[in-house]
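Each chain, written out:
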Amino acid sequence: MLGALTLLLALSSGTLSLDKVNMCMNAKHHKEEPGREGQLYQQCAPWHDNACCKANTTIEAHNDNSYLYNFSWNHCGIMSNKCKQHFIQDTCFYECSPHLGPWIQKVDQSWRKERILNVPLCMEDCHSWWEDCKDDSTCKNDWHYGWDWSTGSNRCPQDAKCRKWTDVYPTPKSMCEEIWSKSYLYTTLSKDSGRCMQLWFTGENPNRKVAEYYNKGARQQQSFALTTILSETLMGY
């Protein structure tokens, strides 16, 4: 029994002490630890005080067909500038944010070991993103998978036709949740709620407090589960 109790206490300590509020995911271009960057490029600049990205990553985030992922926004004609700004911001958020820990999941992929899943986005960000892209076109609803990479950059698969954005994504919810394989979760929460993550911000990063809120809830659930296991273990002896 002593061995079982020791193991449970060790698991409890390790699980609950992990700092998921300030961390970088194990992915292709992320730093191992978040920290200050002297200068980040344009739309990525708000993260310079505490970032998981380096300056050269943020420069490439603004380029078409950058070396980051060899991904072209222009797979169905030239993407409008107002739409592209949201994808640049999305890239900055993904590459630079140190506050995604509560939503990081392990994956077995050649280009990354972790991903984000169901990050709750503020309603304003989803709606403005969809609104600014609604006159553009795409051939796929999930941009993570299924491209033709035979040229080294993504092209529409042979059986996929370019369609109007609103035919592929009828609503902001469908776009935000489908485009990156459930990386984002659509919410009806506003930016002033303190309960949703913001892609766009100026000044102090508001997402740390949001991560703290969700991390606290996860820690409480873990603590309850471990307490239940401990009680059942004691009752069995």
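Not measured: the values here are computed from a predicted model.

Peer 1: So what about the overall build of the chain? Which residues, and what values?
Peer 2: For the chain, the count of helices and strands is 7 helices and 6 strands. Along the chain, helices and strands appear, N-terminal first, in the series α-α-α-β-β-β-α-β-β-α-α-β-α. The buried share of the chain, reckoned over its 237 residues, is 45%. For the chain, restricting intrachain contacts to residue pairs at least 6 apart in sequence, the fraction spanning at least 24 positions comes to 66%. Accessible surface, the chain as shown: approximately 12500 Å² in total, 53% of it carbon and sulfur.

Peer 1: Give a description of helix α3 (residues 81–96) that names residues and reports values.
Peer 2: Compared with the 22 Å implied by 1.5 Å per residue over 16 residues, the 22 Å span of α3 between its first and last C-alpha is a close match. The buried fraction of α3 amounts to 13 of the 16 residues, a majority that puts the element mostly inside the structure.

Peer 1: How would you sum up the state of the cysteines? Please name residues and give values.
Peer 2: The full count for this structure, using the stated rule, is 8 disulfides. What pairs with Cys-53 in a disulfide is Cys-96, and their sulfur atoms sit 2.1 Å apart. Taking the sign of the S-S torsion, 100° for the link of Cys-53 and Cys-96, the bridge is right-handed. In this pair, Cys-53 is assigned in the loop between α1 (2–17) and α2 (55–61) and Cys-96 in helix α3, connecting sequence segments 43 residues apart. Residues Cys-53 and Cys-96 agree in their burial class; the two are buried. A disulfide bridge connects Cys-122 with Cys-196, and the sulfur atoms are separated by 2.1 Å. Linking Cys-122 and Cys-196, the disulfide has an S-S dihedral of approximately 90° and is accordingly described as right-handed. Residue Cys-122 is located in the loop between β3 (119–121) and α4 (123–133), and its partner Cys-196 is located in the loop between β6 (184–186) and α7 (207–235); the two are separated by 74 residues in the primary sequence. Among the residues examined, Cys-122 registers a relative accessible area of 0% and is labelled buried.

Peer 1: Give a description of the side chain of Thr-91 that names residues and reports values.
Peer 2: Within the fold, Thr-91 resides in helix α3. Beyond its immediate sequence surroundings of up to four residues, Thr-91 is in contact with Ala-61, Leu-68 and Trp-73.

Peer 1: Tell me about the pairing of strand β1 (residues 104–109), and name the residues and values.
Peer 2: Across 4 bridges, β1 lies against strand β2 (residues 112–116) in antiparallel orientation. Its bridge partner being in β2, Lys-106 is matched across the sheet by Glu-114. From the end of β1 to the start of β2, which pair antiparallel, there are 2 residues.

Peer 1: Go over α4 with me, naming the residues and quoting the values.
Peer 2: For α4, every residue scored as buried is listed here: Asp-125, Cys-126, Trp-129, Trp-130 and Cys-133. Within α4, the buried residues cover an arc of 120° as seen down the axis, which keeps them to one side.

Peer 1: Any details on the pattern of salt bridges? Residues and values, ideally.
Peer 2: Per the stated rule, a full pass over the model turns up 9 salt bridges. The partner of Asp-125 in a salt bridge is Lys-191, and the shortest N-O contact between them spans 3.3 Å. Note that Asp-125 is positioned in helix α4 and Lys-191 in the loop between β6 and α7, a separation of 66 residues in sequence. Residue class for Asp-125 comes out buried when judged on its relative accessible area of 2%. When its relative accessible area of 28% is taken as the criterion, Lys-191 is described as partly exposed. Asp-148 serves as the salt-bridge partner of Arg-155, at 3.5 Å between the closest nitrogen and oxygen. Under the relative-accessibility criterion, Arg-155 is labelled partly exposed at 41%. Members of the salt-bridge network, linked through shared partners, are Lys-173, Glu-177 and Lys-182.

Parameters at a glance
Residues numbered from 1 in each chain as written. Predicted model: local features only at pLDDT ≥ 70, side-chain atom pairs only at ≥ 80, totals over all residues. Heavy atoms only, no water. Helix = DSSP H or I, 4+ residues; strand = E, 2+ residues; numbered from the N terminus. Buried < 20%, exposed > 50% of the residue type's maximum accessible area, 1.4 Å probe, protein only. Contact = heavy atoms within 4.5 Å. Areas by Shrake-Rupley, 256 points an atom, 1.4 Å probe, with all protein chains shown as cover. Expected span 1.5 Å × (residues − 1). Disulfide = S-S within 2.5 Å. Pairing = 2+ DSSP bridges. Arc of directions from axis to C-beta. Salt bridge = Lys/Arg side-chain N within 4 Å of Asp/Glu carboxyl O.

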